[in-house]
Amino acid sequence: MASWVADLPGIVAGLAEHWMLRVGQPFQPGGFCSWTAPATRLGGPGTADSDEFVLKVAFRFDTGEQRDEAAALRVWDGDGA
């Protein structure tokens, strides 16, 4: 996990560039196995920034226990998650 933490700034920067996001400061207190921060999608030329998101970058465990998290978050739809 130490190498993942060391690589995290580059991972976040790459995702921000790929998805054209402006990423804010991470939520505090932070988690144990993921990094989350508010983000907005950058507008194209002549347009305003829009669409608010939370960018979550999660550590991948060898056990694969995180594989169902995205589906669970969709089901919960922000209610209690």
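Our subject is the structure listed above.
Residues numbered from 1 in each chain as written. Predicted model: local features only at pLDDT ≥ 70, side-chain atom pairs only at ≥ 80, totals over all residues. Heavy atoms only, no water.

**Considering the overall build of the chain**
Here's step 1: A count of helical and extended segments in the chain gives 2 helices and 3 strands.
Here's step 2: The order of α-helices and β-strands along the chain, N terminus first, is α-β-β-β-α.
Here's step 3: Scored against the burial criterion, the 81 residues of the chain give a buried share of 15%.
Here's step 4: Considering only contacts within the chain whose residues lie at least 6 apart along the sequence, 30% involve residues at least 24 apart.
Here's step 5: Surface accessibility of the chain: about 6,200 Å² in total, with carbon and sulfur atoms responsible for 57%. (Helix = DSSP H or I, 4+ residues; strand = E, 2+ residues; numbered from the N terminus. Buried < 20%, exposed > 50% of the residue type's maximum accessible area, 1.4 Å probe, protein only. Contact = heavy atoms within 4.5 Å. Areas by Shrake-Rupley, 256 points an atom, 1.4 Å probe, with all protein chains shown as cover.)

**Thoughts on the nonpolar core**
Here's step 1: One finds Trp 4, Leu 8, Val 12, Ala 16, Leu 21, Trp 35, Ala 37, Ala 39, Leu 55, Val 57 and Phe 59 forming the largest nonpolar core, which totals 11 residues.
Here's step 2: Every element with two or more residues in this core is listed here: helix 1 (2-19), strand 2 (34-41) and strand 3 (50-58).
Here's step 3: The greatest single-element share of this core, amounting to 4 residues, is contributed by helix 1. (Core = buried A, V, L, I, M, F, W, Y, C linked by side-chain atoms within 4.5 Å.)

**A few points about the packing of aromatic side chains**
Here's step 1: On inspection of all chains with the given rule, the structure shows 1 aromatic pair.
Here's step 2: Ring plane angle 80 degrees and centroid distance 5.8 Å describe the contact between Trp 4 and Phe 59, whose orientation is recorded as edge-to-face. Residue Trp 4 is located in helix 1, and its partner Phe 59 is located in the loop between strand 3 and helix 2 (69-76); the two are separated by 55 residues in the primary sequence. (Phe/Tyr/Trp six-rings, centres within 6.5 Å; stacked < 30°, edge-to-face > 60°.)

**So, unusual backbone geometry**
Here's step 1: In this structure, Pro 29 follows Gln 28 across a cis peptide bond, with omega equal to 0 degrees.
Here's step 2: Within the chain, Met 20 stands out as a residue other than glycine whose phi angle is a positive 55 degrees.
Here's step 3: Mapped onto the elements of the fold, Met 20 is located in the loop between helix 1 and strand 1 (21-23).
Here's step 4: Overall, Met 20 belongs to the partly exposed group, its relative accessible area being 45%.

**With respect to a nonpolar patch on the surface**
Here's step 1: Where nonpolar side chains cluster on the molecular surface, the patch consists of Met 1, Val 5 and Phe 32 and spans about 320 Å² of accessible area.
Here's step 2: Using a relative accessible area of 47% as the deciding quantity, one classes Val 5 as partly exposed. (Patch = residues over 30% accessible without salt bridge, like charges linked within 9 Å, V, L, I, M, F, W, Y side chains within 5 Å. Salt bridge = Lys/Arg side-chain N within 4 Å of Asp/Glu carboxyl O.)

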